[in-house]
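Next come the chains, spelled out residue by residue.
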Amino acid sequence: MFDFLHPYASPRYFYDLAGKLIPWLAGLTALLLAVGLYQSLLVAPPDYQQGESVRIMFIHVPAAWMSMFVYMVLAGAGAVGLIWNLKLAEMTATAAAPIGASFTFLALVTGSLWGKPMWGAWWVWDARLTSELILLFLYLGFIALQASIDDPKRAARAGAVLALVGVVNIPVIHFSVQWWNTLHQPASISAINKIGAPAIHPSMLVALLVMALAFTLFFVTVLLMRLRAEILYRERYTSWVGERIQP
Amino acid sequence: MSLSQFFAMGGYALYVWTAYGATALVLVLNVLAARRRDKAVRRELQNLDRLNLSESE
């Protein structure tokens, strides 16, 4: 049924395709980042309660979204690798991990920098912050586990199992602000005000969505860059790699 | 709005600019790390290639 997809999943074909896509994706990412920064820092109004500090939201929320999105990509790719034994999927999981870890780290740091002026504390052990910290440890655990196993096939399998067990943490992060009373403010996007409109100002929403899109494209770009290196390494004994590593 | 007002961020300059600075740093490091990995792999494989060639001679 999926026969038409097979050429795209061949590491060799994908390596060349990614090489062609990366410059375009990088350009688009830069453009969206520029628009997003302009919207976040200059167009969006200060918050009526939080003042200018609310501008941290435009990087904090996309970083936090990405930390969970990348984890689902990692776990999904790991599952596909386990089930269909697809090498490209295994490599995708490995390539996604450091990027996801960096977004998780960024979500924690920007959250801390927002929490200090708004809550009076850099850190509180509430459900949202704690589950996000656990997400960082899941990423680091995945990276350390794969680094400790020499055989790439076994490393991929072990990593995928760890990643799939860790998926249970994702809904905990997402719903933590509803399940438990916490200092962390609830979601801005899905919140609806008394007249049934989104509770967030449209200019804030635009800035947030543009930044989220920019972060997503950034992830895809860096993922493809990492995947290409991963493909070269795992396919190093093939003749087509030999042709492409000539200086 | 003046430039100094913009940079003052209503008194939250330290927090806002540190957050944006951290973001810039994380994005740049991601790109650099990906590039470094690519270069390291290429160098390793080129050495491997040379080794194989000299053995077959």
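All chains use their own residue numbering, which begins from 1 and follows the written sequence. Ligands are numbered from 1 and chains lettered from A, in the order in which they are written. pLDDT decides what is reported in this predicted model: residues at 70 or higher carry local features, side-chain atom pairs at 80 or more are listed and counted, and totals for whole chains, interfaces and linings draw on all residues regardless.

### Thoughts on the overall build of chain B
- Per the secondary structure count, chain B includes two helices and zero strands.
- Based on C-alpha atoms, the radius of gyration is set beside the globule rule, defined as 2.2 Å times the residue count to the power 0.38. Its C-alpha radius of gyration of 23 Å places chain B more than 25% over the 10 Å reference for a compact globule of 57 residues.
- Over its C-alpha atoms, taken along the principal directions, chain B stretches across nearly 70 × 15 × 10 Å. A run of DSSP states H or I qualifies as a helix once it reaches four residues; a run of E qualifies as a strand once it reaches two. Both are numbered from the N-terminal end.

### Notes on the overall build of chain A
- When you go through chain A residue by residue, the secondary structure sums to nine helices and zero strands.
- In chain A, the succession of α and β elements from N to C terminus is α-α-α-α-α-α-α-α-α.
- Taken along the three principal axes of its C-alpha coordinates, chain A extends 60 × 40 × 35 Å.
- Classification of the 247 residues of chain A by burial places 39% in the buried group.
- Here the contact rule is simple: place C-beta atoms from the backbone, and any two residues whose C-beta atoms are within 7 Å are in contact. Of the contacts made within chain A by residues no fewer than 6 positions apart, 76% connect residues no fewer than 24 positions apart. With C-beta atoms placed from the backbone, a residue counts as buried when 20 or more other C-beta atoms lie within 10 Å of its own, as exposed when 12 or fewer do, and as partly exposed for counts between those limits.

### Looking at the nonpolar core
- In these notes, a nonpolar core means any group of buried Ala, Val, Leu, Ile, Met, Phe, Trp, Tyr and Cys residues linked to one another through C-beta atoms within 7 Å. If you look at the biggest cluster of nonpolar residues, it comprises 70 residues, and the most contacted ones within it are Ile56(A), Val70(A), Leu74(A), Ala96(A) and Met211(A).
- Within the residue set of this core, elements represented by two or more residues are α2 (11–43), α3 (57–84), α4 (87–119), α5 (127–148), α6 (152–166) and α8 (202–234) of chain A together with α2 (13–56) of chain B.
- For this core, the leading source of residues is α8(A), giving 18 residues.
- Apart from the residues lying within four places of it in its own chain, the contact partners of Ala96(A) are Val70(A), Val73(A), Leu74(A), Ala77(A) and Leu223(A).

### Description of the interface of chain A and chain B
- Each side of the interface is counted separately: chain A has 31 residues, and chain B has 24 residues.
- Counting only elements with at least two residues in the side of chain A that touches chain B, the list comes to α4, α8 and α9 (239–244) of chain A.
- By residue class, the composition of the side of chain A that touches chain B is 20 nonpolar, five polar and six charged. Residue polarity is assigned by list, with Asp, Glu, Lys and Arg as charged and Ala, Val, Leu, Ile, Met, Phe, Trp, Tyr, Cys and Pro as nonpolar; anything else, Gly included, falls into the polar class.

### Here's the deal with unusual backbone geometry
- Non-glycine residue Asn85(A) carries a positive phi angle of around 60°.
- Tracing the backbone through its elements, the reader meets Asn85(A) in the loop between α3 and α4.
- Here the phi dihedral of Met9(B) falls at roughly 50°; this positive angle occurs in a residue that is not glycine.
- Residue placement: Met9(B) occurs in the loop between α1 (3–8) and α2.

### A look at α2(A)
Residues and elements named next belong to chain A.
- Fitting axes to the seven residues that end at a residue and to the seven that start at it, the angle between those axes gives the bend at that residue. Of all the bends in α2, the greatest, near 35°, is centred on Leu21, and the proline Pro23 appears no more than four residues after it.
- Those residues of α2 lying buried are Pro11, Tyr15, Thr29, Leu33, Gly36, Gln39 and Ser40.
- Residues of α2 that are buried in the fold lie against α3, α4 and α8.

### A few points about the packing of α3(A) against α4(A)
Residues and elements named next belong to chain A.
- Two elements in contact, α3 and α4, have axes whose closest approach is 7 Å; the angle formed by their N-to-C orientations is 160°. Of the possible angle classes, the one that applies to α3 and α4 is roughly antiparallel. Classified by chirality, the crossing of α4 by α3 is left-handed.
- The residue inventory of the contact of α3 with α4, partitioned by class, reads 19 nonpolar, nine polar and one charged. Angles shown run from 0 to 180 degrees and are taken between the N-to-C directions of axes, each axis being a line fitted to C-alpha atoms and, for helices, limited to the stretch in contact. Here roughly perpendicular refers to angles of 65 to 115 degrees, roughly parallel to angles under 35, roughly antiparallel to angles over 145, and oblique to all remaining angles. It is the rotation of the near helix from the far one that decides the hand of a crossing: anticlockwise by less than a right angle makes it left-handed, clockwise makes it right-handed.

### Quick word on the environment of Tyr139(A)
Residues and elements named next belong to chain A.
- Structurally, Tyr139 is set in helix α5.
- On the neighbour-count criterion, Tyr139 (26 C-beta atoms within 10 Å) is buried.
- Along the backbone, Tyr139 and Val109 are 30 residues apart, and their C-alpha atoms lie at a distance of 16 Å.

### So, the confidence of the model for chain B
- Mean pLDDT over chain B works out to 89, with 93% of the residues at or above the 70 mark.
- Predicted complex metrics record ipTM = 0.90 and pTM = 0.92. For every residue, the predictor reports its confidence as pLDDT, a number between 0 and 100.

### Details of the packing of α4(A) against α5(A)
All names here are of chain A.
- For the pair α4 and α5, the least separation of the axes is 9 Å and the interaxial angle reads 150°. Between α4 and α5, the angle falls in the class roughly antiparallel. Two packed elements cross with a definite hand, and for α4 against α5 that hand is left-handed. Counted together, Thr94, Ala97, Pro98, Gly100, Ala101, Thr104, Phe105, Ala107, Leu108 and Gly111 of α4 and Leu129, Glu132, Leu133, Leu135, Leu136, Tyr139, Leu140, Phe142, Ile143 and Gln146 of α5 form the full contact between these two elements.

### Structural notes on the environment of Trp114(A)
- Relative to the helices and strands, Trp114(A) is located in helix α4.
- The exposure class of Trp114(A) is buried, given the 23 C-beta atoms found within 10 Å.
- With residues near it in sequence (within four places) discarded, Trp114(A) still touches Ser53(A), Ile56(A), His60(A), Tyr15(B) and Ala19(B).

### What to know about the environment of Leu232(A)
- Here Leu232(A) lies in helix α8.
- The class for Leu232(A) is buried, based on 21 C-beta atoms found within 10 Å.
- Counting along the chain gives 112 residues from Leu232(A) to Gly120(A), while the straight-line C-alpha distance between them is 49 Å.
- Setting aside anything within four residues of it in sequence, one finds Leu232(A) in contact with Val241(A), Ile245(A), Val41(B), Arg42(B) and Leu45(B).

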